[in-house]
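Residues per chain, in single letters:
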Amino acid sequence: MLLHGKHVLLEKPATVGSAEFAQLVKLAAERDLLFVTNFWTRFFPAIKWAKAVARSGLLGDVVHVQGDMAFQAVRVPGGDRFSLASLGGGAMLDMGCYLVQFAALFLPQPVGGNAPGDARGFDVRALGQVEGGVDTDVAFVVAAGGASASFGTSLRRSSNFALSIYCAHGKIEIDGPANCPVRASYALYDDAASKREPPVPCCGQPLLEQRSFVQPLPTFPPRLLARRGYPNGMGFAYAASAFERCLYTDGCRSLDELPTAEQQLIVDLTAEVFAHIGIYQNVSGM
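Every chain is numbered on its own, with residues counted from 1 as its sequence reads. In keeping with the predicted nature of the model, local features appear solely for residues at pLDDT of at least 70, side-chain atom pairs appear and are counted solely at 80 or more, and the whole-chain, interface and lining totals rest on all residues. By convention in this description, side-chain values take in all heavy atoms of the structure and omit both hydrogens and water.

A. Geometry of the packing of helix 2 (residues 45–56) against helix 3 (residues 91–106). Every axis in this analysis is a line fitted to C-alpha atoms, fitted for helices over the stretch in contact. Angles between the N-to-C directions lie between 0 and 180 degrees. Strands here are runs of E lasting at least two residues and helices are runs of H or I lasting at least four, both read from the DSSP assignment and numbered beginning at the N terminus. Interhelical geometry of helix 2 versus helix 3 gives an angle of 40° and a closest axis separation of 11 Å. One finds that helix 2 runs oblique with respect to helix 3. Residues I47, A50, K51, A54 and R55 of helix 2 form the contact with helix 3, whose participating residues are F102, L105 and F106. Each angle gets one of four labels, with under 35 degrees taken as roughly parallel, over 145 as roughly antiparallel, 65 to 115 as roughly perpendicular, and the rest as oblique. Whether two residues are in contact is decided by their heavy atoms, any of which lying within 4.5 Å being enough.

Pasting the structure below:
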């Protein structure tokens, strides 16, 4: 599509390898085209609200992000896109990359002057189970800027798909499915750092405020809905609308919700996880 002069909104994961993604970005720039990976999560109003709360400083600095996304994949004789490396199978490329993009969204910028989107400022560790060349269960940690994120993803178990962002004196909750949420909330606690006496052990800080955000999904005529709908699938309209608005804006070649450099960061951090568990190394031509 890029070679034929078409703007591209490409379903995630855009590529398996970092080098291939960089090639697509370079090609789009050379041809003055908009190229966006469809991490539709970024365009949901609940995510934008949670991002604004986290960056407002109301709850203090982000300290830790925690999330889990998993389901039991149905085994298909002969293999399918979940189980075959040739089709980019595994939990990380299906769900784990959503968790990686949460780390890129909520963790502070790395200390050390690296440019935004530079994976070298992030520390990544991972352990995983591998079957037939693909990951079936992974636990991984991403750290940057004095904060950390811990995630789990699996094709062998169930999960509530929720996400928590823990701040110095508060917490943001994104209800499952956090990759396409309609509800988020925060709790603000009394700031112990402002007190003369230390907090009582194990009992936490007094609750000062709680707020919730709810945004129903866009509505469509029933005839336009698929018979077997994807969970909260109407939310794809958020990403499509943002993409369309950019196309009608002079000079727009990157979306504020998901800048090109951050797309590359997500691919690079996912590749770091793969390096730890020993799959998808030296990928090309997929």
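B. Quick peek at the environment of V74. Within the secondary structure, V74 is located in the loop between strand 3 (62–70) and helix 3. On a C-alpha basis, the gap between V74 and L155 in space is 8.8 Å, while along the polypeptide they are 81 residues apart.

C. Looking closely at the packing of aromatic side chains. Here a Phe, Tyr or Trp ring, Trp counted by its six-membered ring, pairs with any other such ring whose centre lies within 6.5 Å, and the pair is stacked when the planes are under 30 degrees apart, edge-to-face when over 60, and tilted otherwise. Tallied over the entire structure, the rule returns 13 aromatic pairs. Measuring from centroid to centroid gives 5.2 Å for W40 and F44, while their planes differ by 75°, and the two rings are edge-to-face. The exposure classification of W40 matches that of F44, with both residues buried. With 5.9 Å between their ring centres and 50° between their planes, Y230 and F236 make a pair best called tilted. Exposed residues in this analysis have more than 50% of their type's maximum accessible area, buried residues have under 20%, and partly exposed residues fall in between, with area computed by a 1.4 Å probe over protein chains only.

D. Local environment of the state of the cysteines. The disulfide definition used here is simple: a pair of cysteine sulfur atoms within 2.5 Å. Across all of its chains, the model carries one disulfide by this definition. Across the disulfide, C246 is cross-linked to C252 (sulfur-sulfur distance 1.9 Å). Between C246 and C252, the S-S torsion sits near -110°, and that sign places the bridge as left-handed. When sorted by exposure, C246 lands in the same class as C252, which is buried. C180 takes part in no disulfide bond, and the closest cysteine sulfur, belonging to C97, lies 13 Å away. Classification of C180 as buried rests on a relative accessible area of 1%.

E. Spatial organisation of the side chain of D190. Within the element layout of this structure, D190 appears in the loop between strand 9 (183–189) and strand 10 (207–214). With residues up to four places along the chain from it excluded, the contact list for D190 reads H169, K195, Q205, P206 and L208.

F. Region of interest: the sheet that holds strand 8 (residues 170–174). On the basis of which strands lie adjacent, the open sheet formed by eight strands has the order 4-5-6-3-7-8-9-10 and mixed pairing. Of all strands in the sheet, those with a lone pairing partner are strand 4 (123–131) and strand 10, marking the two edges. For this sheet, the mean inter-axis angle between neighbouring strands, taken without regard to orientation, is 10°. When DSSP finds at least two bridges between two strands, those strands are taken to pair. Where strand 3 meets strand 7 (residues 163–167), five bridges bridge the pair, whose relative direction is antiparallel. In the strand pairing of strand 7, V65 is matched with I165. Along the sheet, helix 2 contacts strand 3, strand 8, strand 9 and strand 10; its crossing angle with strand 9, the most-contacted strand, is approximately 20°. Helix 3 contacts strand 3, strand 5 (134–144), strand 6 (147–154), strand 7 and strand 8 of the sheet and is inclined by roughly 165° relative to strand 6.

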